[in-house]
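So the chains spell out like this:
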Amino acid sequence: MSDYGSRGYGRDPDDYGWPGNDGGRSDSHGRGPQGGDHGHRSSGYGSSGYGSGDAYGRDSYGSGSGDDYGRDSYGSGHSGGYGSGHDDYGTGRADSYGSARSGGYDDSPRTGGYGDEPVRGSASVPTSGGGYSPHDDEPKTTGRARVPGGDSTGPGRARGTARVGGKRGGALSEEEQAALAKTKKKKRRRRRLIAFGCVSVVLLGMVTVVGSLFFQSVELPKDVIEEHLDQNTTILFADGSEMGSYGTEAGNRTEVKYEDVPDEVIWALVAGEDQKFFDHSGVDFWGVMRALWNNVTGGDRQGASTLTQQYVGQVMKITGDVGYFDKANEAVMAMKMDDEYKKEEIIEFYLNLVYMGRGAYGLGAAIEAWYGPDKKLEDLTASEASLIFAQVKSPDGSLDPRNPCDVCGLTDEEAYDNAEGRWEYFLNSMLKMKKLTPEQHKQYIDDGLPETAETTSVSASEGADEDTGFVSHGYVLAEAQEKAGLTEQDLLTKGYTITTTIDPAAQQAAVDVASQKDGSYMSEQKENLRAALVSIDPATGRVVAYFGGTTDGTGVDKAGYDSMHPPGSSFKEFTLITALSKGISMDSMWDGTSPQEFPGLREGDKAVVNSGNQSEPRISLKDTMRQSLNTPIYAITNQVGAGNVMLTARNMGINKVVTPDADGNPQLVDLWDPEVEELLMDPANQRAVVDNEIGFGQFPVSVFDMAVANATLAAGGVYHEPHFIKEIKNKDGDVVYSDEEEGAIEVREAVTNDVARDAIHVSSTIWPGAMSGSDGRINGQPIAGKTGTWERYCPDNPACDQNSAIWYAGFTKELSAAVWVGDKADENGVVAETWDAPAYGSTISGSVWHKYMTAATQIEGYNEVKEFDPPANVGDKNAGNAKEEEKKDDKCDRPGNREDCEDGGEDGGDGGNDDGNPPASGQCQPGSPEYPDCNQDQVCDPEFPECQPDQSCNPFFPMDPDCTENGEGSPGDNRNESRVGSDRLAATATTARPYALPAGRSRLI
């Protein structure tokens, strides 16, 4: 064979290659049962100084002999060196397609292509000098020789290359083969690492570039960080104590300053949430990698967020189970935030933002939610703070020891254990960081979980369901928008502090007497009755107290426009003031006979009558007010104009009134509407908006407006716009609105001072029944007012003798108040005494007013004694409608008048015997607890002001013309037959049906 060595797959049994003289060796991958080649690859390594030979054969096929499985082998053979025998490099009778390369030449007749088995190809042999080497003793050579060959496809022909290098020798041992394989494996690993390193460098560069671009693209939202915190509006009483709040759950926070937070509270937060906070630059990279690996490998999702990342995540709403890109965005912002802000600022941001359970956002709100309103920030301990901060991880309530989380499915014991475990973690972390001494730590652990407040949820808007709810969540919010230009969103989110005008002591006085709470005056009355009370400072227009008939401000406001009531005779003061303004003297004489017909009465109204059909053919305007007669008031209204009476009331503070529409249905009329105003001022249409019955209060108005109008009168006719807000500050403490700013509150003259003085003079002699026998003063301050009673409409029984609304509206120079008492659900319900007798304005409502004013006029700011100005005596005394021959008579011609009756009425008050007193039978009413000495024989109670000590009649009682000067009752004494002082409009008079506004109906003209 050729000496090129053929390591193909041949026909001989040992076709691996024989070791020849040149020490050649071949290995074949794959052997048959008898040692022959199976496979499609063979390799051989020649050693012993001349090199090695490799032959890789493929696609073995054909007919072989022995154990060879293939005749034709495609591959190559490499031979290096010179051999002298034809078997030097192995023999093989397989046809090998390839090439043979040989450096130098071989003297074998079958080498170099000379023989009957030609080869073609080349052989390359590494040499050191070239030359001839017949066998083992030949020096190493390298060189290259091409061997021509003939047809390469015939039998015995070989085509290929052979490479031989190195020292010839025997076959490698198993150890050598293993070592060689290990060396090759290391080389491959080294090459891979080099390749990986190269790729990593490239990728790292790319990541650096991309990361830099990403870092630059993420902007730190400073405006959001510094302005984003929603904060509810806080509403305060006039003295600064808290009344309520208004906002959203997310804004239920009270901001704190870092410097005000105790050190151990700061360290409790840091120890439990981010122990490296003061060391890292906003991101804990090792923590992030640890969490990332855990997340990628399928572990529980971890965040590894620092306090800064937590804060940024919440600000940007990047919370919950988010993607990795969002977390990267969060991390970049955290790093930028760490560069931009001090650590202390970041802590402060965090403490004011994070939800800490029980509806509280931020530490300030959480302190109150967890430990009550009396707990102060400066008194918070590490133990208490740890329980609060423990909620950050699970804000659903599962870590609240009071177990408020219904959906968590925890037992009370489990909830307590959960809370205790998390709480201990914070304390243990503080101990580990040496921020607690072992003694402190032990003491906290021994004391156990801090005791928390019973309330487990703080409402976003507090106080709405309190007695001041109508103020805090009604009038105040509307006024803030109107006066300060704040939007509802501003009030919900921007943390304003609104100081109201409500005096807490005055408000409590109103609640104590007018509410249904135990011990109050109204709680002792019939169960169906409710009282509403509004009190105002006449000098400023500030609303001092507001009680809407219920201690729950989410109910129906009986003092406002949602529930308006016919004011009865308490409205007559506006008729009086209108008459005085039109030049009619309070001493003018009027026809007070009853019944009385008037031109223009509506169809079906036959006449106007006085209560009890009391008849006074000649009575002054002043006494008309005192006795509350209806016929003179109707005549005056008809003369001055119903529209003008309504305008007077409007200018003094009555903004709205309920009137019937064309179909008789109630409608709410805005008296400041330009069209309404035009009608009121039209001399030819004085009855277009309201009819003459407005003169004695048939049309419903609000308790609030009545208090305002009386405050205007108390201020000498000067209207001060009523308001509930004294001051508004933003969350930085800057005043954005004050009622003391020039122009903030409207102040104008509603009526002239002279008119006001005369009206006050008349009203100052009309007292509630509770003041009977007094000097007409409360705590030394003179009072003035007017009672009002409205008869119940009984279509099936016109003579039902029942009332449905009773009032008292009055004032001192320091304070105004209006009181209504009526049925809690029905504007036409029955208002009666506990012994079922009809109640009147001077009784229940008068008593509520008196008790409130007695308490309120002792409060600092309202307790100064100020006298009313003397009357001005304006107007024409002859302006009345009494008969001509009777006009020359004046009140001093009447029996019993004192000598000083001409001096403007120094005859004193009527002791409360205006409208509303019980029936005057025998000057007392059997069964009345107010007159315990009144027996069934109706003997006069000596304490009753109309009685003399000897139980005779009082000649100075102006409503009893039959009482002679010596105090003896005349045979015609009618006290047992009439209802003295009642202002009730009889059912036979003009339509007495109250125009109550149904719920949900408020159509404006």
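As a reminder, the structure under discussion sits directly above these lines.
The structure presented is a predicted model; accordingly, all values stated were derived computationally and were not measured. (Residues numbered from 1 in each chain as written. Predicted model: local features only at pLDDT ≥ 70, side-chain atom pairs only at ≥ 80, totals over all residues. Heavy atoms only, no water.)

### What to know about the packing of helix H10 (residues 412-432) against helix H11 (residues 438-447)
This is how the line gets drawn: In this analysis, axes come from line fits to C-alpha atoms, helices being fitted only over the stretch in contact, and the angle between any two N-to-C directions falls in the range 0 to 180 degrees. Each helix is a run of DSSP H or I of at least 4 residues and each strand a run of E of at least 2, with the numbering of both proceeding from the N terminus. Orientation labels follow simple angle bins: below 35 degrees gives roughly parallel, above 145 gives roughly antiparallel, 65 to 115 gives roughly perpendicular, and whatever is left gives oblique. Any pair of residues with heavy atoms lying within 4.5 Å of one another is described as a contacting pair. Each residue is assigned to one of three groups, with Ala, Val, Leu, Ile, Met, Phe, Trp, Tyr, Cys and Pro labelled nonpolar, Asp, Glu, Lys and Arg labelled charged, and all others, Gly among them, labelled polar.
H11 packs onto H10 with a crossing angle of 170° between their chain directions and a minimal axis gap of 10 Å. Taken together, H10 and H11 sit at an angle that is classed as roughly antiparallel. Packed against H10, whose contacting residues are Trp423, Glu424, Leu427, Asn428 and Leu431, the element H11 presents Pro438, His441, Tyr444 and Ile445 at the interface. Partitioned by chemical class, the residues of the contact of H10 with H11 number 6 nonpolar, 2 polar and 1 charged.

### Focus: the side chain of Glu479
This is how the line gets drawn: Three labels apply to residues, based on accessible area from a 1.4 Å probe with only protein chains included: buried if under 20% of the type maximum, exposed if over 50%, partly exposed otherwise in between. The sign given to each residue is positive for Lys and Arg and negative for Asp and Glu; His and the chain ends receive no count. Think of a salt bridge as a Lys or Arg side-chain nitrogen and an Asp or Glu carboxyl oxygen that are within 4 Å of each other.
Tracing the backbone shows Glu479 in helix H12 (residues 469-484). Buried Glu479, no salt bridge; nearest opposite-charge side chain is Lys483, N-O distance 6.8 Å. If we skip the residues at most four places from it in the chain, Glu479 touches Ala484, His723, Phe724 and Ile725.

### Here's the deal with the packing of aromatic side chains
This is how it is decided: Pairs were defined over the aromatic rings of Phe, Tyr and Trp, the Trp ring being its six-membered one, requiring ring centres within 6.5 Å. Orientation was assigned from the angle between planes: stacked under 30 degrees, edge-to-face over 60, tilted for the rest. To sit over a ring, a charge needs its Lys NZ or Arg CZ within 6 Å of the ring centre and within 35 degrees of the ring normal.
All chains considered together, the criterion is met by 17 aromatic pairs. Aromatic pair Tyr808 and Trp849: ring centres 4.8 Å apart, planes at 55°, arrangement tilted. Remark: Trp849 occurs in helix H22 (residues 841-856) and Tyr808 occurs in strand E25 (residues 803-811); sequence separation between them is 41 residues. Over the ring of Phe277 we find Lys343; its NZ or CZ atom is 4.5 Å from the centre of that ring. If you follow Arg358 out to its NZ or CZ, it ends over the ring of Trp370, 4.1 Å from the centre.

### Points about the environment of Gln481
Within the fold, Gln481 resides in helix H12. Exposure remark for Gln481: the relative accessible area of 36% places this residue in the partly exposed category. Separated by 10 residues in sequence, Gln481 and Leu491 have C-alpha atoms that sit 8.7 Å apart. In this structure, Gln481 is in contact with Leu486, Thr487, Glu488 and Leu491, ignoring residues within four places of it in sequence.

### Section: the nonpolar core
Condition: The term nonpolar core refers to a set of buried residues drawn from Ala, Val, Leu, Ile, Met, Phe, Trp, Tyr and Cys, joined through side-chain atoms within 4.5 Å.
Judged by nonpolar contacts, the single largest core of 94 residues is most densely connected at Tyr546, Phe571, Met646 and Ile654. Here the element with the most residues in this core is helix H20 (residues 703-714); it accounts for 9 residues. Judged by nonpolar contacts, the second largest core, of 50 residues, contains Leu351, Leu353, Ala419 and Tyr444.

### Describing a positive patch on the surface
Defined as follows: For patch building, the residue pool is restricted to those with more than 30% relative accessible area and no salt bridge; the joining distance is 9 Å between like charges and 5 Å between nonpolar side chains (Val, Leu, Ile, Met, Phe, Trp, Tyr). Computed with a 1.4 Å probe, the accessible areas rest on the Shrake-Rupley method; for each residue, only the protein chains presented here act as cover. The atom standing in for a charge is NZ when the residue is Lys, CZ when it is Arg, CG when it is Asp and CD when it is Glu.
A surface patch of positive charge is lined by Lys182, Lys184, Lys185, Lys186, Lys187, Arg188, Arg189, Arg190, Arg191 and Arg192. If you trace the backbone, Arg192 turns up in helix H1 (residues 174-217). By relative accessible area, Arg192 is classed as exposed at 61%.

### A look at the state of the cysteines
Quick reminder of the rule: Note on disulfides: each one is a pair of cysteine sulfur atoms within 2.5 Å.
Per the stated rule, a full pass over the model turns up 2 disulfides. Each disulfide pairs two cysteine sulfurs, and for Cys405 the partner residue is Cys408, the sulfurs being separated by 1.9 Å. Taking the sign of the S-S torsion, about 80° here, the bridge from Cys405 to Cys408 comes out right-handed.

### A look at the sheet that holds strand E13 (residues 543-547)
Under the convention used in this document: Strands are treated as partners if at least two bridges between them are detected by DSSP.
Taken together, 5 strands build an open sheet; the order of strands is E13-E12-E26-E25-E24 and the sheet is antiparallel. Only two strands of the sheet have a single partner each, and these edge strands are E13 and strand E24 (784-791). Pairs of neighbouring strands in the sheet enclose a mean axial angle of 10°, with direction left out of account. The pairing of strand E12 (residues 529-536) with strand E26 (residues 816-823) spans 8 bridges and is classified as antiparallel. Counted as the bridge partner of Ala531 is Val821 from E26. Of the strands in this sheet, E12, E13, E24, E25 and E26 touch H22, which is tilted by about 35° from E25.

### Considerations on the pattern of salt bridges
Considering all chains together, one arrives at 22 salt bridges under this definition. Across the pair Glu740 and Arg542 runs a salt bridge, and its minimum N-O distance is 3.5 Å. Of this pair, Glu740 sits in the loop between strand E20 (735-738) and strand E21 (747-749) while Arg542 sits in the loop between E12 and E13, and the two are 198 residues apart along the sequence. Here Asp623 makes a salt bridge to Arg626, at a shortest N to O gap of 3.4 Å. Of the two residues, Asp623 and Arg626 both sit in helix H16 (residues 621-627), 3 residues apart, roughly one turn of that helix. A relative accessible area of 2% means that Arg626 is categorised as buried. A network of salt bridges, in which partner residues are shared, links Glu527, Arg530 and Lys824.

### What to know about the sheet that holds strand E11 (residues 497-500)
Spatial strand order, E10-E9-E11-E19-E20: 5 strands in an open sheet with mixed pairing. Two strands lie at the open edges of the sheet, namely strand E10 (242-246) and E20, each paired on one side alone. With strand direction ignored, the average angle separating the axes of adjacent strands in the sheet is 15°. Sheet topology note: the strand E9 (residues 233-236)/E11 ladder contains 3 bridges and is parallel. Among the inter-strand pairings, Thr234 is bridged to a residue of E11, identified as Thr497.

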